[in-house]
Amino acid sequence: MECEGLLACFHGLKELDKECFRALVDAEEPLTVDEIAEAVDRERSTAYRAVQRLLQTGFIKKEQVNYERGGYYHVYSRTDPSQITDDMQRLLNDWYAKMGQLIQEFENKYEQSDTSAPAAES
């Protein structure tokens, strides 16, 4: 597994989401959705959906840029990698704790049923 596989593993991100993330990582400055779409050679609406998924995971951040005469647009940039890795580590720790709890519940449930079941006749 490549490190980018963690994006899919932890958050169910698609290949396009990873491509959009890579475009933002490679960019020297924040990008608009139109620029991201051009970088990944997709329609704006398709790139927008990928950007929304990346925003939900916290892998990228959105900033508003205001025009001098009114109006605004949004640009996107990657979140600090240390913040992303901290979030993934926290998710992994939570998952590990939950799995440990479920394994213990499984053992308790079926250990009790073994002791209460009548012995088989030979």
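Fair warning: this is a prediction, and the values are worked out from it, not measured in the lab.

Let us now look at the overall build of the chain. Helix and strand counts for the chain come out as 5 helices and 2 strands. Counting from the amino terminus, helix and strand elements in the chain follow one another as α-α-α-α-β-β-α. Summed over all atoms, the accessible surface of the chain reaches about 9,100 Å², with 48% contributed by carbon and sulfur.

Turning to the packing of helix α2 (residues 15-26) against helix α4 (residues 44-57), a few remarks are in order. Two numbers describe how α2 lies on α4: the axes approach to 9 Å, and their chain directions differ by 80°. As far as their axial angle goes, α4 and α2 are roughly perpendicular. Contacts between α2 and α4 involve Leu-16, Asp-17, Cys-20 and Phe-21 from the former and Thr-46, Ala-50, Arg-53 and Leu-54 from the latter. Residue composition of the contact of α2 with α4, grouped by class: 5 nonpolar, 1 polar and 2 charged.

Let us now look at the pattern of salt bridges. Taken as a whole, this structure holds 5 salt bridges when the rule is applied. A salt bridge links Lys-18 to Glu-15; its shortest N-O distance comes to 3.4 Å. Placement of the pair is Lys-18 and Glu-15 together in helix α2, with a separation of 3 residues, close to one helical turn. Linking Arg-53 and Asp-17 is a salt bridge whose minimum nitrogen-to-oxygen distance equals 2.8 Å. Of the two residues, Arg-53 sits in helix α4 while Asp-17 sits in helix α2, which places them 36 residues apart along the sequence. We classify Arg-53 as partly exposed; its relative accessible area is 23%.

The way to describe two aromatic rings as a pair is by their centre distance and the angle between their planes. Tallied over the full model, the rule gives 3 aromatic pairs. A centroid spacing of 5.2 Å and a plane angle of 45° characterise the contact between Tyr-67 and Tyr-73, whose relative ring orientation is tilted. With relative accessibility at 30%, the residue Tyr-73 sits in the partly exposed group. Consider the rings of Phe-106 and Tyr-110, whose centres lie 4.7 Å apart with planes at 45°: the pair is tilted. With Phe-106 and Tyr-110 both in helix α5 (residues 81-116) and 4 residues apart, this pair spans about one turn of that helix. When its relative accessible area of 39% is taken as the criterion, Tyr-110 is described as partly exposed.

Our focus in this paragraph is the pairing of strand β2 (residues 72-78). In the sheet, strand β1 (residues 60-66) pairs with β2 via 7 bridges, with the strands oriented antiparallel. Bridge pairing in β2 places Gln-64 opposite His-74. The turn joining β1 and β2, which pair antiparallel and follow one another in sequence, is formed by 5 residues; a positive phi near 105° is taken by Gly-70.

Take Glu-29: it is sitting in the loop between α2 and α3 (33-40). Overall, Glu-29 belongs to the exposed group, its relative accessible area being 57%. Distance in space between the C-alpha atoms of Glu-29 and Ser-77 is 7.4 Å, their sequence separation being 48 residues.

On the surface, a cluster of nonpolar side chains totalling about 390 Å² of accessible area is made up of Leu-92, Trp-95 and Tyr-96. By the element assignment, Leu-92 lies in helix α5.

The rules behind the values
Residues numbered from 1 in each chain as written. Predicted model: local features only at pLDDT ≥ 70, side-chain atom pairs only at ≥ 80, totals over all residues. Heavy atoms only, no water. Helix = DSSP H or I, 4+ residues; strand = E, 2+ residues; numbered from the N terminus. Areas by Shrake-Rupley, 256 points an atom, 1.4 Å probe, with all protein chains shown as cover. Axes fitted to C-alpha atoms, helices over the stretch in contact; angles between N-to-C directions. Parallel < 35°, antiparallel > 145°, perpendicular 65-115°, else oblique. Contact = heavy atoms within 4.5 Å. Nonpolar A, V, L, I, M, F, W, Y, C, P; charged D, E, K, R; others polar. Salt bridge = Lys/Arg side-chain N within 4 Å of Asp/Glu carboxyl O. Buried < 20%, exposed > 50% of the residue type's maximum accessible area, 1.4 Å probe, protein only. Phe/Tyr/Trp six-rings, centres within 6.5 Å; stacked < 30°, edge-to-face > 60°. Pairing = 2+ DSSP bridges. Patch = residues over 30% accessible without salt bridge, like charges linked within 9 Å, V, L, I, M, F, W, Y side chains within 5 Å.

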